[in-house]
Structures are given as C-alpha cells and as structure tokens.
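Residues per chain, in single letters:
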Amino acid sequence: RPSPAIKFPSFGTIISHEQGSRNSLPPYVALPNVFAPEQGSGYMSSAYGPFALGSDPADPSFSVRDLTSPKDVDMKRFERRRSLLATVDEHFRSIEKSDAINAMDSFYSAAYSLISSNKAREAFNLSAEPAKLRDEYGRNAAGQRFILARRLVEAGVRMVSVNYGSWDHHSNIKGAFEGQAPNFDQAFARLIRDLEERGMLDTTLVLVSSEFGRTPKINGTNGRDHYPRVFSVAMAGGGVKKGFIYGKSDALGGEPDENPVGPEDLARTMYRMVGINSQKRLVLEGVRPIDIVNGGRLINEIIA
C-alpha cells in the first residue's frame with residue numbers, strides 16, 4: 001500500500017500517497033524553514049511549495065507564524081478583509097494570468113482553512129505532547145523537530161521535510177560531528193519507536209539522507225570535502241525491509257563495490273513506495289515535458 005514518508009539528514013521528509021490537503025492542514029511542511037531551493041516546488045507551480053514554520057520547535061517560545069489572526073481582528077473584521085481581498089484579486093485576475101496570482105489564491109485558501117480550523121492549528125501545538133516523551137526525543141533542535149514532524153503526519157500532513165544541523169564539515173569534522181550526531185541518533189531512534197508504537201510505521205516512509213557524501217580521507221584541516229561517489233541513506237517503515245543493508249563500498253569507502261545505487265534508483269524506489277508513478281512526465285505550461293525521474297531502476301531488494 002502506498003505510504004507517507006519522513007526524510008532526515010540535514011533534511012527530513014514525510015510523504016503520503018493521496019493528493020491535496022487533509023484536515024485543513026498543508027500537504028507539505030518544511031520544518032523549521034526551507035533549507036535550500038530544492039525543497040521548493042521546482043518546475044511545478046509555487047502553489048505546491050511547502051508551508052514553512054518560520055520558527056524552531058526547540059525554542060521555549062515556539063509558535064508558528066501567522067497561524068492566528070491579530071488580537072484586534074475579530075471574525076467579522078477578518079471576513080470583511082477576506083471579501084475585500086477577493087474583490088481586488090478578481091480584478092487583477094481579469095487582466096493578467098500568471099502563476100503568481102494562481103499560487104496566491106491557493107495560499108490564501110489554505111491559510112483561511114488553517115486559521116479557521118481549531119483541529120488543524122492544534123496539530124502544531126507541541127506543548128500537547130507528554131513532557132516525558134519530549135524528553136525521550138531530546139529537548140534540543142533534533143528532538144523537538146522530529147516529534148513535531150510525527151505529530152503533523154499523525155494529524156494529516158502528507159509530507160514533512162525536517163532540516164537539522166550542518167554537515168558540511170570541511171574542517172574539524174570530529175568535533176562538529178560529536179556536537180550534532182548524538183542528538184540526531186536519540187531523536188531518530190525515538191521517532192522510529194514512536195511511529196511503531198502508534199501503528200504508523202508501516203504506513204510512513206522515513207528517509208535520512210544528504211545531498212552527497214564526503215571524501216574517504218581527512219583533509220589538511222581535519223575535515224572531509226565533497227565527494228559524490230559513496231554515501232549512505234537510511235530508510236525505515238513504509239514497506240522497507242527491517243534490519244537490511246543493501247550495497248557495499250570498498251574498504252576505503254571510496255568506490256562502490258557491491259550493488260551500487262544511484263540517486264535516480266533511490267528516487268524511483270521512494271516514489272514507488274509513496275504511490276507516485278515516477279515514469280510519468282510533468283507537462284507544464286511554457287516548459288518542455290519534464291521526467292519525474294530520469295531513468296533509474298526499482299530497488300526491489302529493499303522492499304518487504
């Protein structure tokens with residue numbers, strides 16, 4: 001059965017197989033912010049871009065920006081503003097057709113639904129989680145972002161991209177890694193257990209990755225540089241085999257040795273597991289047809 005998904009490296013992601021909004025929640029959330037242009041909508045309309053929280057769940061004063069209307073704006077005044085905006089938008093729509101206008105219509109509609117739904121707003125209420133569970137995830141950036149990601153998926157968000165840390169360790173890799181990895185390990189392990197305890201793991205794909213690997217040898221500043229030949233990805237839930245390792249590098253971690261996997265293979269497999277036909281093309285106005293995935297093979301060996 002197609003699954004949702006979560007991805008965690010310096011990024012994280014949760015994806016569902018259905019389309020559109022559920023329970024008045026955004027279908028795609030970037031947590032806490034959009035880390036790179038690749039987390040945007042790409043060739044697709046900006047209406048498909050993520051809802052970014054704009055604040056860190058680990059902050060004691062954490063709140064989601066623009067989730068509630070200002071205190072001096074009651075519902076009557078809110079609806080009057082909404083009606084005025086609709087009138088202005090209709091005027092511009094009649095004289096100009098653009099992605100920006102259509103995207104803004106989509107954003108406003110989603111925002112109205114989110115603001116007017118107590119249940120949707122409650123999904124972002126991290127303080128509703130038990131203090132003990134928040135402690136087990138870790139009272140830090142990794143822990144609080146991961147538990148909020150789980151909370152959002154449980155409430156109906158289809159995809160959550162979680163950004164955590166900076167792993168671009170060109171120098172002092174030992175100290176930098178030790179400052180980030182333990183918190184990540186604790187939060188990631190608790191996330192998997194939490195999903196399993198709630199009966200969500202089989203229908204949620206969790207993926208941990210980065211954009212590329214690092215050189216197999218330490219450089220002159222005690223770091224490791226950019227290296228695309230070998231790196232690792234972790235996947236859990238969503239129909240992935242448990243306790244299974246696929247692929248192997250040589251002894252130095254410099255070259256693939258057994259069962260090499262390319263980014264296009266990973267993408268095609270991930271899309272398959274979340275119910276997306278990666279062999280189709282995006283046909284967009286003003287743009288040539290774009291392959292969802294250019295080539296690649298389905299990695300059947302990792303599918304349970």
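Up top you'll find the structure we're talking about.
Rules used throughout
- Residues numbered from 1 in each chain as written.
- Predicted model: local features only at pLDDT ≥ 70, side-chain atom pairs only at ≥ 80, totals over all residues.
- Heavy atoms only, no water.
- Helix = DSSP H or I, 4+ residues; strand = E, 2+ residues; numbered from the N terminus.
- Expected span 1.5 Å × (residues − 1).
- Bend = angle between axes of the 7 residues up to and from the residue.
- Buried < 20%, exposed > 50% of the residue type's maximum accessible area, 1.4 Å probe, protein only.
- Pairing = 2+ DSSP bridges.
- Core = buried A, V, L, I, M, F, W, Y, C linked by side-chain atoms within 4.5 Å.
- Contact = heavy atoms within 4.5 Å.

Visitor: Hey, could you go over helix α6 (residues 173–197) for me, with residue numbers and the actual values?
Guide: For α6, which comprises 25 residues, the first-to-last C-alpha distance of 35 Å matches the rise-based estimate of 36 Å (1.5 Å per residue) to within 8%. At Gln-180, α6 shows its maximal kink, close to 30°; a proline, Pro-182, follows between one and four residues later. Taken together, the buried positions of α6 are occupied by Ile-173, Gln-180, Ala-181, Phe-184, Ala-187, Phe-188, Arg-190, Leu-191, Ile-192, Asp-194 and Leu-195.

Visitor: Give a description of unusual backbone geometry that names residues and reports values.
Guide: Across residues other than glycine, the phi torsion is negative in most instances, and most of the peptide bonds are trans. Going from Leu-31 to Pro-32, the amide bond is cis rather than trans, its omega being 0°. Of note, Pro-32 is situated in the loop between β3 (28–31) and β4 (51–52). Within the chain, Asn-172 stands out as a residue other than glycine whose phi angle is a positive 50°. Position of Asn-172 among the secondary structure elements: in the loop between β5 (159–162) and α6. Owing to a relative accessible area of 47%, Asn-172 belongs among the partly exposed residues under this scheme. The backbone of Asn-222 shows a phi angle near 60°, a positive value even though the residue is not glycine. The topology assignment puts Asn-222 in the loop between β7 (213–214) and β8 (226–227). By relative accessible area, Asn-222 is classed as exposed at 52%.

Visitor: Go over the pairing of β3, please, and point to the residues and values.
Guide: Burial along β3 is two-sided: the face carrying Tyr-28 and Ala-30 and the face carrying Val-29 and Leu-31 are both buried. The pairing of β3 with β5 spans four bridges and is parallel. Considered in β5, the bridge of Val-29 is made with Val-160. Pairing of β3 with β4 involves two bridges; the strand directions are parallel. Residue Val-29 lies in a different strand from β4, and its bridge partner there is Phe-51.

Visitor: Describe the nonpolar core, and please don't skip the residues or the numbers.
Guide: Counting 34 residues, the largest nonpolar core has Leu-31, Leu-53, Leu-152 and Val-160 as its most contacted members. Looking at this core, the elements that each hand over two or more residues are β3, α4 (131–137), α5 (141–155), β5, α6 and β6 (205–209). Excluding residues that lie within four positions of it along the chain, Leu-152 makes contacts with Val-29, Leu-31, Ala-123, Phe-124, Val-157 and Val-160. Core analysis: the next-biggest nonpolar cluster, separate from the first, contains ten residues, Met-235, Val-240, Met-270 and Val-274 among them.

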